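Letter by letter, the chains look like this.
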Amino acid sequence: MLRVDIITIFPDMFGPVLNESILKRAQEKKKVDIRIHDLRDYTDDKKHRKVDDRPFGGGPGMLMMPQPLFDAVKAVKARRKVKVIYTSPAGKPFTQFYAKTLTKAQNLIIICGHYEGIDERVREHLVDEEISVGDYVLTGGELPAMLIVDAVTRLIPGVLGKEESLIHESFEGGLLEGPQYTRPADFRGKKVPDVLLSGNHKSIEKWRHEKALAMTKKVRPDLLKKGV
Ligand code: 4FV
């Protein structure tokens with residue numbers, strides 16, 4: 001079972017996300033073990049529980065100090081084979097393919113950045129992989145950590161029930177998902193394409209692939225070149 005330890009200064013942000021729907025069921029089904037750790041519990045500054053300080057050489061803002069992070073990682077490290085992930089705009093872009101590789105891990109430790117970032121010695125000596133969820137700047141690494149846990153957990157075999165399939169979804173096979181329809185077949189005069197009502201699975205598959213290709217060409221031609 002994949003174990004995920006999240007180190008954050010805002011542990012209460014995670015409950016609402018982790019205790020609903022698929023993520024909740026995945027934990028109940030013991031498909032994933034997700035634990036949240038308050039970084040302030042690991043600072044030597046027991047009085048003020050300080051985890052940040054001013055940057056050497058001056059400059060705006062504060063940085064996360066090395067001591068609380070090093071000691072937190074040492075304390076929560078559950079398995080021999082652990083992968084320490086730091087989420088930041090300077091990280092490797094997070095993709096469906098990347099999410100799939102992370103399902104193979106035994107123990108992920110995700111460090112949620114805050115302020116202007118972390119002391120470089122954490123990146124040098126503690127972090128195995130740095131991940132970016134997009135080219136924009138967030139207030140903290142908590143949302144990226146939630147995104148990563150969500151995208152990885154749903155790919156763990158047995159997490160998605162049969163009604164929730166991984167087959168026809170975006171990026172499976174390198175294409176975006178094509179258009180989909182559900183009842184009624186005629187909604188206020190807006191009809192569902194006949195092929196989908198034909199019951200002819202071969203022509204339905206063909207139609208779906210053509211639509212997915214057209215959608216990908218139109219919206220994300222880069223995916224066709226790259227092949228996710
Ligand atoms: C981010 C991203 C991100 C930067 C400063 C947290 C913030 C603050 N993380 N992909 N984009 N992080 O904006 O992963 O420390």
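Residue numbering note: each chain is counted from 1, following its sequence as written. Selection of residues for local features in this predicted model requires a pLDDT of at least 70, selection of side-chain atom pairs for listing and counting requires 80 or more, and totals for whole chains, interfaces and linings are taken over all residues. As a rule here, side-chain values come from all non-hydrogen atoms in the structure, and water together with hydrogens is ignored.

Q: Where do I start with the nonpolar core in this structure?
A: A general trend in soluble globular proteins is that nonpolar side chains are found buried together. If you look at the biggest cluster of nonpolar residues, it comprises 28 residues, and the most contacted ones within it are Leu2, Val4, Ile6, Phe94, Leu102 and Ile110. Secondary structure counts use DSSP, requiring at least four H or I residues in a row for a helix and at least two E residues in a row for a strand, with both numbered from the N terminus. Among the elements of the structure, β1 (2-8), α2 (21-28), β2 (32-38), α4 (96-102), β6 (107-112) and α6 (142-153) are those that each provide at least two residues to this core. In terms of residue count, the dominant contributor to this core is α6 (6 residues). Residues in contact with Leu102, not counting those within four places in the same chain, are Leu2, Lys83, Ile85, Phe94, Leu108, Glu129, Ile131, Ile148 and Val152. Nonpolar cores were defined as sets of buried Ala, Val, Leu, Ile, Met, Phe, Trp, Tyr and Cys residues, with membership established by side-chain atoms within 4.5 Å. The cut-offs for exposure are 20% and 50% of the maximum accessible area for each residue type, with area from a 1.4 Å probe on protein chains only; residues under the lower value are buried, those over the upper are exposed, and the others partly exposed. Membership of the second largest hydrophobic core comes to 18 residues, among which are Ile9, Val76, Val84 and Leu126. It only takes one pair of heavy atoms within 4.5 Å for two residues to be counted as in contact.

Q: For this particular structure, what's the right way to read the packing of aromatic side chains?
A: Centre-to-centre distance and the angle between the planes together describe a pair of aromatic rings. For this analysis, a ring pair means two rings from Phe, Tyr or Trp (six-membered ring only for Trp) whose centres lie within 6.5 Å, classed as stacked if their planes differ by under 30 degrees, edge-to-face if by over 60, and tilted for the remaining angles. In total, this model carries 1 aromatic pair according to the counting rule given. With 5.9 Å between their ring centres and 50° between their planes, Phe94 and Tyr98 make a pair best called tilted. For a Lys NZ or an Arg CZ to count as sitting over a ring, it must be within 6 Å of the ring centre and within 35 degrees of the ring normal. Its end group placed over the ring of Tyr98, Lys92 keeps NZ or CZ at 4.4 Å from the ring centre.

Q: Even after reading the chapter, I still don't get the site of the ligand, so can you show me in this structure?
A: Any residue with a non-hydrogen atom lying within 4 Å of a molecule or strand is treated as near it. Around the ligand sit 16 residues, and of these Tyr115, Val133, Gly134, Tyr136 and Leu138 come closest. A 3.5 Å cut-off defines polar contacts: any pair of N or O atoms within that distance qualifies, except that in protein one atom must be a possible hydrogen donor and the other a possible acceptor, and neighbouring residues in sequence count only when both atoms are side-chain atoms. With respect to the ligand, the backbone of Ser88 contributes an N or O atom lying 3.3 Å from a nitrogen atom. Between the ligand and the protein, one listed contact pairs an oxygen atom with a backbone N or O atom of His114 at 3.2 Å. For the accessible areas, the method is Shrake-Rupley and the probe is 1.4 Å, while residue cover comes only from the protein chains on display. In the complex, the protein chains occlude 95% of the 370 Å² of accessible area that the ligand would expose alone. Ranked by residue count, the leading element in the shell around the ligand is strand β5 (residues 82-93), at 3 residues. Basically, the charged four are Asp, Glu, Lys and Arg, the nonpolar ten are Ala, Val, Leu, Ile, Met, Phe, Trp, Tyr, Cys and Pro, and anything else, Gly included, counts as polar. Looking at the shell around the ligand, its residues break down into 8 nonpolar, 8 polar and no charged.

Q: How do you make sense of the environment of Ile118 when you look at a structure like this?
A: Its location among the elements puts Ile118 in the loop between β6 and α5 (120-125). The class for Ile118 is buried, based on a relative accessible area of 7%. Sequence-wise, Ile118 and Lys92 are 26 residues apart; in three dimensions their C-alpha atoms are separated by 17 Å. Discounting residues that sit within four places of it in the chain, Ile118 has contacts with Leu63, Met64, Leu69, Tyr86 and Arg123.

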